[in-house]
Amino acid sequence: MLVDLHTHSKYSFDAQDEILDLTLSAIKKGFSYIAITDHKDYFWNKEPIALDIENVQNDIDKIRKEFSDKITVLKGIEIGEIYADKNALELTKNYNFDIVIGSLHSMPNDIDFYDMDYTKLDSDKLLKEYLLEVKNMCEYGGFDVLAHIDYPLRKMEKANIKPSFENYMEFITPVLKTIIDREIALEINAAGLFSFLNNVGPESFVLEEYKRLGGKMISIGSDAHYAKDIGRGIKECINHAINNGFEYVTIFENRKPNQIYIGKEKI
Ligand SMILES: [Zn+2]
Ligand SMILES: [Zn+2]
């Protein structure tokens, strides 16, 4: 069973492709589920980025009907910093989402981790502060899946260190406990495989700890920003899940989790 639960269309500020083309790409590659999760980032000190949710959902309604015998297209959204602005939670209630992904793309009143110059800052201090903020965001809740918990690692190449969560488990365990408690799924995100990190994330010892703590809900996403990249790295994500003892992926429909069997054998 192939699923891609984290994708971006032209409605995201950083992507261009039609939802139709994302869907056709997923069908061509044999996927059973795709979630369209365009960006809406909130901030502490300014207006959120714009997202035309009405048209995203209109497009999905049409495509969902047309291809219902081939694929299930889920209405999603990736909300950055949901806890920064009370309007974010309102938004999740005012629209019929299947799946709401929660991300931390920036620290309070700072720039996106993607745009930081890691040669000029204390990466160790930043990672600790980041993980404390992720925990705050998860305690606030309001979303179904915690996206790319290792987001800053993707860009830390410049700091001339091998970025890893290896020495940060004392900060990660509380995050994992919080998402288990809040019934938020942990995402395995493929994007790192195509960066210098060269692996899907998070690292195995994070998944092991999640399992040890009783975590059962795993989401899987390519984080594709182009139709051609839909499904990219998903097999590696599934194998990563299976290697770490997970046999199910969690699919949210109407914000309700279903456990879908992905198997015991690597694919
Ligand atoms: Zn993201
Ligand atoms: Zn994304």
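Residues numbered from 1 in each chain as written. Chains lettered and ligands numbered in written order. Predicted model: local features only at pLDDT ≥ 70, side-chain atom pairs only at ≥ 80, totals over all residues. Heavy atoms only, no water.

1. Here's the deal with the pairing of strand 4 (residues 72-80)
Now for step 1: Counted residue by residue, strand 4 has eight buried out of nine residues, so it is predominantly covered.
Now for step 2: With four bridges connecting them, strand 2 (residues 33-36) and strand 4 associate as parallel partners. Counted as the bridge partner of Ile36 is Lys75 from strand 4.
Now for step 3: One ladder, built from three bridges, connects strand 3 (residues 39-41) with strand 4; its direction is parallel. Considered in strand 4, the bridge of His39 is made with Glu78.
Now for step 4: Read as a crossover between parallel neighbours, the route from strand 4 over helix 3 (residues 86-94) to strand 5 (residues 99-103) is right-handed. (Buried < 20%, exposed > 50% of the residue type's maximum accessible area, 1.4 Å probe, protein only. Helix = DSSP H or I, 4+ residues; strand = E, 2+ residues; numbered from the N terminus. Pairing = 2+ DSSP bridges. Right-handed = clockwise from strand over helix to strand, strands pointing away.)

2. Notes on the nonpolar core
Now for step 1: Leu5, Tyr130, Leu146 and Phe165 are the most contacted members of the largest nonpolar core, which has 88 residues in total.
Now for step 2: At seven residues, helix 4 (residues 123-140) tops the list of elements feeding residues into this core. (Core = buried A, V, L, I, M, F, W, Y, C linked by side-chain atoms within 4.5 Å.)

3. Quick look at the coordination of the zinc ion (ligand 1)
Now for step 1: For the zinc ion (ligand 1), the protein coordination sphere consists of Glu78 (OE), His105 (NE2) and His148 (NE2), at 2.1 to 2.2 Å.
Now for step 2: Written as a sequence motif, the donor arrangement for the zinc ion (ligand 1) is E-x26-H-x42-H.
Now for step 3: Between the zinc ion (ligand 1) and the zinc ion (ligand 2) the interatomic distance amounts to 3.5 Å, and Glu78 serves as a bridging ligand to the pair. With His105 in the loop between strand 5 and helix 4 and His148 in the loop between strand 6 (145-146) and helix 5 (169-182), the pair connects residues that are 43 residues apart, well separated along the chain.
Now for step 4: Given the relative accessible area of 2%, His148 is considered buried. (Donors = N, O, S within 2.8 Å, 3.2 Å for Na, K, Ca; no water.)

4. Observations regarding the packing of aromatic side chains
Aromatic rings in a pair are described by how distant their centres are and how their planes are angled relative to each other.
Now for step 1: Enumeration according to the criterion identifies seven aromatic pairs in this entry.
Now for step 2: Their ring planes at 85° and their centres at 5.1 Å tell us that Phe113 and Tyr130 sit as a pair that is edge-to-face. Here Phe113, found in the loop between strand 5 and helix 4, pairs with Tyr130, found in helix 4; they are 17 residues apart in sequence, far enough to count as distant. Both residues of the pair, Phe113 and Tyr130, count as buried.
Now for step 3: Across the ring face of Phe43, the terminal group of Lys46 is positioned such that the distance to the ring centre comes to 4.4 Å.
Now for step 4: If you follow Lys211 out to its NZ or CZ, it ends over the ring of Phe246, 5.0 Å from the centre. (Phe/Tyr/Trp six-rings, centres within 6.5 Å; stacked < 30°, edge-to-face > 60°. Lys NZ or Arg CZ within 6 Å of the ring centre and 35° of its normal.)

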